[in-house]
Amino acid sequence: MEQTKILLDENEMPKKWYNILPDMPTPLAPPLNPANNEPLNPEDLAPLFPMELIKQEMSSERYIDIPDEVLEIYKLWRPAPLFRAHRLEKLLDTPAKIYYKYEGVSPAGSHKPNTSVAQVYYNMKEGTERITTETGAGQWGSALSLSCNYFDIECKVYMVRSSFEQKPYRKSLINLWGAQVVPSPSPDTEFGRHMLEKYPDTTGSLGIAIGEAVEDAVKHDNTKYALGSVLNHVMLHQTVIGLEAQQQLDKVEEYPDIVIGCCGGGSNLAGISLPYMRDKIEGTHDPRIIAVEPSACPTLCDGKFQYDYGDMAKLTPLLKMYSLGFDFIPPAIHAGGLRYHGCSPIISQLTADKLMEATSYHQVEVFEAGVMFARSEGIPPAPESTHAIKCAIDEALKCKQTGEEKTILFCLSGHGHFDMYSYDKYFSGQLSND
């Protein structure tokens, strides 16, 4: 019988993160100081981040050691399993081989602790007492609260209002691990009060929530800010996903023809794809790498590659990235983790260089794919992950038409156990096709 679950031992877990910056054919444009539009220096970021993360943000080292304290916590769920989707392949009647890296085994149920544990560790080492953040679907907020709990640091989460209302059990998780969570925009910050006055019925956005979290951080001397996606150090930490996947596929003598990840800010996509992008850049292999976005927020597909703010309050550095505009508020779709106006500068530059491609889907069709996956493979996927599943299914059906036996790899970034309200809406026919 062919293997279904491909596992690694704890001693096979990656001990270093992979940093793609020194391998990129086109170097990243420097981030700009929002006060004067001049390139940032490390000191400009010091009010927001601990110095070790600032160094990682700008590092030219290809591999960066994972601290032992971080590895010990990683062992709670890492190495994560890689599955062969035999039942989905049979249902599709495709010659394609479909593999998925499952990140829902973490305590928070998603890939986000891969970076939250690291970020909170570095904050702890530098004496940070309190951390603020934003969260879209609640996956990042719950992951950061979990990590702050481990390192005894206070945490406050500004959660996008639409998700705050749609995903009540994500709020419960955040509270369970000892953090405070409020809907954004909130009355707790000057920017939040301004947005509530201007848009009293707004569903919120990550751009608004980031603005609130950054304002909170810079106004308190004992507080730093943590971001769950977009920035280079976040992409770095997530590469444990792809590094493990490479070892696991090696065990069954496979290499993917296609690598797929859902994409909002870009952390999940970066995690599964950047180690393979290294191979593509070096010329040892040539996998297609596909970013999958919601049609309601198609940053890579329809955005402009330009300098833009990461938040609506214009407090964050200007990053050169694909963006729909810092003031863009997307519809309140259920894949709240993908509702971000911009995308990682790393992912953006690789897309601009034609090394990565992007596509988008409406939410009804991705939920159809999620239901198909759950009924064949058994795992209820988070709404964000259904985008990658839909793309994997489409690519597998193309193989059915052509007879090609391609190997497809995608990242199942999290389970949907806390998002069943979204599935209730789907089954009752209440999802819009925004």
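Model, not experiment: these values are computed from the prediction.

The rules behind these values
Residues numbered from 1 in each chain as written. Predicted model: local features only at pLDDT ≥ 70, side-chain atom pairs only at ≥ 80, totals over all residues. Heavy atoms only, no water. Phe/Tyr/Trp six-rings, centres within 6.5 Å; stacked < 30°, edge-to-face > 60°. Buried < 20%, exposed > 50% of the residue type's maximum accessible area, 1.4 Å probe, protein only. Lys NZ or Arg CZ within 6 Å of the ring centre and 35° of its normal. Salt bridge = Lys/Arg side-chain N within 4 Å of Asp/Glu carboxyl O. Helix = DSSP H or I, 4+ residues; strand = E, 2+ residues; numbered from the N terminus. UniProt positions renumbered as here; feature names shortened; annotations may be inferred. Pairing = 2+ DSSP bridges. Contact = heavy atoms within 4.5 Å. Axes fitted to C-alpha atoms, helices over the stretch in contact; angles between N-to-C directions. Core = buried A, V, L, I, M, F, W, Y, C linked by side-chain atoms within 4.5 Å. 1 Å grid on protein atoms, 1.4 Å probe; cavity = no way out; pocket = protein on both sides within 12 Å on 5 of 7 lines; lining within 4 Å. Points joined across faces, edges and corners; volume = space filled by probe spheres on them. Nonpolar A, V, L, I, M, F, W, Y, C, P; charged D, E, K, R; others polar.

Asks: How do you make sense of the packing of aromatic side chains when you look at a structure like this?
Replies: Geometrically, a pair of aromatic rings is defined through the distance of the ring centres and the angle of the planes. Tallying each qualifying case throughout the model produces 16 aromatic pairs. Relative to F427, the ring of Y426 lies with its centre 5.3 Å away and its plane at 65 degrees, an arrangement referred to as edge-to-face. Exposure remark for F427: the relative accessible area of 51% places this residue in the exposed category. An aromatic cluster is built from F83, Y100, Y102, F373 and F410, whose rings are joined through pairwise contacts. Sitting above the plane of the F164 ring, K171 keeps its charged end 4.0 Å from the centroid. Here the basic side chain of R278 rests over the ring of Y18, its NZ or CZ set 4.9 Å away from the ring centre.

Asks: Whenever I open this one, the pattern of salt bridges confuses me. Can you help?
Replies: Should the charged atoms of two oppositely charged side chains come close, the side chains can pair. Tallied over the entire structure, the rule returns 25 salt bridges. K251 is the salt-bridge partner of E12, the closest N and O atoms lying 3.3 Å from each other. With E12 in the loop between β1 (5–6) and β2 (16–18) and K251 in helix α12 (residues 240–251), this pair connects stretches of sequence that are 239 residues apart. The salt bridge partner of E72 is K75, with a shortest N-O separation of 3.0 Å. Under the relative-accessibility criterion, K75 is labelled partly exposed at 31%. One connected set of salt bridges, linked through shared partners, spans R78, K101, E103 and E244.

Asks: So what exactly am I meant to see when it comes to unusual backbone geometry here?
Replies: Glycine aside, a negative phi is what most residues show, and trans is what most peptide bonds show. The amide bond that connects R78 to the next residue, P79, takes the cis arrangement and shows omega of -5 degrees. Positionally, P79 belongs in the loop between α3 (68–74) and β4 (82–84). Here the bond from S184 into P185 is cis, since omega is 5 degrees, no more than 30 degrees from zero. Looking at where P185 falls in the secondary structure, it is placed in the loop between β8 (180–184) and α9 (190–198). For D93, which is not glycine, the phi torsion reads 55 degrees and is therefore positive. Relative to the assigned elements, D93 resides in the loop between α4 (86–92) and β5 (97–102). Its relative accessible area of 53% is what places D93 among the exposed residues. With a phi close to 60 degrees, K314 is a non-glycine residue in the positive phi region. Within the secondary structure, K314 sits in the loop between β12 (304–309) and β13 (318–323).

Asks: Could you clarify how one ought to interpret the UniProt feature "domain: Tryptophan synthase beta chain-like PALP" (unreviewed entry) in the protein in this entry?
Replies: According to UniProt, the "domain: Tryptophan synthase beta chain-like PALP" (unreviewed entry) feature falls on residues 76–414. Taken end to end, residues 76–414 comprises 45% helix and 19% strand; its first and last C-alpha atoms sit 16 Å apart.

Asks: What is the right way to look at the pairing of strand β6 (residues 130–135) in this model?
Replies: The element β6 is extensively covered by neighbouring structure, given that 6 of its 6 residues are classed as buried. Residue alternation in β6 divides its side chains into two sets, R130, T132 and E134 and I131, T133 and T135, and both sets are buried. Note that β6 and strand β7 (residues 154–160) share 6 bridges and pair parallel. The partner of T135 across the bridge, within β7, is M159. Pairing geometry for β6 and strand β9 (residues 223–225), over 3 bridges, is parallel. Each residue of the ladder has a partner; that of T132, found in β9, is Y225.

Asks: So what exactly am I meant to see when it comes to the UniProt feature "modified residue: N6-(pyridoxal phosphate)lysine" (unreviewed entry) in the protein here?
Replies: According to UniProt, the positions carrying the feature "modified residue: N6-(pyridoxal phosphate)lysine" (unreviewed entry) are K112. Within the element layout of this structure, K112 appears in the loop between β5 and α5 (113–125). The contact partners of K112, leaving out residues within four places of it in the chain, are Q139, W140, A143, G228, S229, Q238 and S267.

Asks: Looking at this structure, I do not really get the environment of Y169. What am I missing?
Replies: Topologically, Y169 is positioned in helix α8 (residues 168–176). Residue Y169 is classed as exposed on the basis of its relative accessible area, which comes to 54%. As for Y169 and M420, which are separated by 251 residues in sequence, their C-alpha atoms are 9.9 Å apart.

Asks: Help me understand the sheet that holds β4, please; the structure alone is not making it clear to me.
Replies: By definition, the strands of a sheet pair up through backbone hydrogen bonds, in either a parallel or an antiparallel sense. Overall, mixed pairing links the 7 strands, which are arranged β1-β4-β5-β15-β10-β11-β14 in an open sheet. Bordering the open sheet on either side are β1 and β14 (357–361), each of which pairs with just one other strand. Bridge count between strand β10 (residues 258–262) and strand β11 (residues 288–294): 5 bridges; the pairing is parallel. Bridge assignment links I258 to a residue of β11, and that residue is R288. Strand contacts of α12: β1, β4, β5 and β15 (407–412), with the helix running at about 140 degrees to β5, the strand carrying the most contacts.

Asks: Even after reading the chapter, I still don't get the nonpolar core, so can you show me in this structure?
Replies: Across soluble globular proteins, nonpolar side chains show a tendency to be buried alongside one another. Ranked by internal contacts, the top residues of the largest apolar core, which has 90 residues, are W17, Y74, Y225, L274 and L350. Each residue touching Y225, except ones within four places of it in the same chain, is listed here: L48, F49, I131, T132, T133, E134, I210, A213, V214 and A217. Of all hydrophobic cores here, the second largest spans 33 residues; its members include A96, I260, I379 and C391.

Asks: Mind showing me how you'd approach empty space enclosed by the protein here?
Replies: Once rolled over the atoms, a probe with the size of a water molecule shows which space is left empty. A full pass over the atoms with the stated rule returns 1 cavity of 30 Å³ or more. Those elements giving two or more residues to the lining of the largest cavity turn out to be β6, α6 (139–151), α10 (206–218) and α13 (267–282). Split by residue class, the lining of the largest cavity holds 10 nonpolar, 14 polar and 3 charged.

Asks: What is the right way to read the sheet that holds β8 from this model?
Replies: Judged by pairing direction, the sheet is parallel, and its 4 strands sit side by side in the order β8-β7-β6-β9 without closing on themselves. Since the sheet does not close on itself, it has two edges, and those belong to β8 and β9, each with one partner. The mean inter-strand angle of the sheet, taken between neighbouring strand axes irrespective of direction, is 25 degrees. Two elements, β7 and β8, share 5 bridges in a ladder whose sense is parallel. If you follow Y158 over to β8, its bridge partner there is V182. Seen against the sheet, α6 touches β6 and β7 and runs at an angle of roughly 160 degrees to β6.

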